[in-house]
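Examination of the molecular architecture
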Amino acid sequence: PNSEGYVLDLVKFEISRKKILPLKDLYSAGLEIKTTVDLRIQKFAQSVLTKYTKMYAEKHNVENLQCAGFAIDKEGRVLFVVGGTDFKETPLNRAFRILRPIGSTAKPITYLTAFQNGWSPLDFVSNEPLEIFTGKFWWRPENYSGRLSPFVRVRTALIKSINVATLRLAMHFPQKVRRNMIKFELISRSADFDLSYILGSFPANLYRIVRAYSAFQDKGILKEPFVISEIRTKEGKLVYRGLPVQKVVSDVYSVEI
């Protein structure tokens, strides 16, 4: 089907990643696999994203535009996964099989780190021009608005996603920001971290982003997404049950902005 194919793709991914059973058994063992996906939400999400993608492509004259969608509940159960406009036409699952720079989506990690280290949303941070030598060239980051200022409140920099102020803030504790990115599982320990990561230059996918943001949503507790609720043999014997996997990644989870 045009939408459920993306769900099956995620099921295969989870079976392979968690080594639940040999993938060949998926097609030959007569298994019954129940998922966490709400089919009504799945069909609705697929329809909305497909329509919006086509509308945006026509409005802006963009060819081959695609979409992705992914959602979990408070326990980590996957509610829907959309990997493109139509599985039959484009089976590549962009929700978790494509990596791309995540941009400003990474910025809340810097602000969380600041709050963990005694900063207040009402404090001021520099928003003056910045030059950073990368070892090969000078990098002069700019703000989307093109405007700079001596100082800006931390809360304003977060709300308006101000590049230079975010970098200035992160430069007080860059290694602590890196550690938080690792704890939130946005990057690996082996990643070649540099200050451009503060603005999201590193590659990730929607799966990782939703997983990381689950900790912002619920008191610093990160949830591992899972789509398989149970697997039974053709005789009805339970061979696997999906259970929530959670871990605390932050002791700061509520700040009045």
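Look up a bit, the structure's there.
Every chain's residues receive numbers from 1 upward, in the order its sequence appears when written. Totals for whole chains, interfaces and linings use every residue, but because this is a predicted model, local features are given only for residues with pLDDT of at least 70 and side-chain atom pairs only at 80 or more, for both listing and counting. Only heavy atoms go into the side-chain values, all of them from the structure, while hydrogens and water stay out.

**Here's the deal with the environment of Y52**
Labels follow the DSSP assignment, with helices taken as runs of H or I lasting at least four residues and strands as runs of E lasting at least two, numbered in each case from the N terminus. Topologically, Y52 is positioned in helix α3 (residues 39–60). In this structure the C-alpha to C-alpha distance between Y52 and T85, which are 33 residues apart in sequence, comes to 9.7 Å.

**Describing a nonpolar patch on the surface**
A cluster of nonpolar side chains, namely Y52, M55, Y56 and V62, defines an oily patch on the protein surface of about 390 Å² accessible area. Among the structural elements, V62 can be located in the loop between α3 and β2 (69–72). With a 1.4 Å probe rolled over the protein chains alone, any residue whose accessible area is under 20% of its type maximum counts as buried; one over 50% counts as exposed, and the rest are partly exposed. For V62, a relative accessible area of 32% puts it in the partly exposed group. Nonpolar side chains (Val, Leu, Ile, Met, Phe, Trp, Tyr) are joined into patches within 5 Å and like charges within 9 Å, using only residues with over 30% relative accessible area and no salt bridge. Using a 1.4 Å probe, accessible areas were evaluated by the Shrake-Rupley method; residue-level cover was limited to the displayed protein chains. Only one rule defines a salt bridge in this text: a Lys or Arg side-chain nitrogen within 4 Å of an Asp or Glu carboxyl oxygen.

**Some remarks on empty space enclosed by the protein**
In this analysis a 1.4 Å probe is tested at points of a 1 Å grid over the protein atoms alone, and where it fits but cannot get out there is a cavity; an open set with protein on both sides within 12 Å along at least five of seven lines is a pocket; lining residues have an atom within 4 Å of a point. Grid points are joined across faces, edges and corners, and a volume is the space filled by probe spheres set on the points. For the structure on display, the rule yields 1 cavity of 30 Å³ or more. Here the largest cavity defines a volume of roughly 30 Å³. A per-element tally of the lining of the largest cavity places helix α1 (residues 4–17) first, with 4 residues. Throughout this entry, Asp, Glu, Lys and Arg are counted as charged residues, while Ala, Val, Leu, Ile, Met, Phe, Trp, Tyr, Cys and Pro are counted as nonpolar. The remaining residues, Gly among them, count as polar. Considering only residue class, the lining of the largest cavity consists of 8 nonpolar, no polar and 2 charged.

**Observations concerning helix α4 (residues 107–116)**
A large share of α4 lies buried, amounting to 8 of its 10 residues. Where α4 is concerned, the buried positions are K107, I109, T110, Y111, L112, T113, A114 and F115. Considering only its buried residues, α4 is in contact with α5 (154–159), α6 (163–170), α7 (174–183) and α8 (206–217). Immediately downstream of α4, the backbone of G118 shows phi near 90°, a positive value. Contacts: residue pairs with any heavy atoms within 4.5 Å of one another.

**What to know about the sheet that holds strand β11 (residues 228–232)**
Any two strands with at least two DSSP bridges between them are considered paired. Strand order in the open sheet formed by 3 strands is β1-β11-β12, and the pairing between neighbours is antiparallel. Strands with a single pairing partner mark the edges of an open sheet, and in this sheet they are β1 (32–35) and β12 (238–241). Strand-to-strand, the axes of this sheet are offset by a mean angle of 10°, without reference to chain direction. Direction of pairing for β1 relative to β11: antiparallel, over a ladder of 4 bridges. When the bridges of β11 are listed, E32 appears paired with R232. To obtain an axis, a line is fitted to C-alpha atoms, over the contacting stretch when the element is a helix, and the angle between two such axes runs from 0 to 180 degrees between their N-to-C directions.

**Thoughts on the nonpolar core**
Here, nonpolar core refers to any group of buried Ala, Val, Leu, Ile, Met, Phe, Trp, Tyr and Cys residues whose side-chain atoms link them within 4.5 Å. In this structure, M181, I198 and F202 are the most contacted members of the largest nonpolar core, which totals 38 residues. When contributions to this core are tallied by element, the ones reaching two or more residues are α4, α5, α6, α7 and α8. Leave out the neighbours within four places in its chain, and I198 touches A106, K107, T110, T166, L167, A170, V177, M181 and F193.

That is the geometry; function is a separate question.
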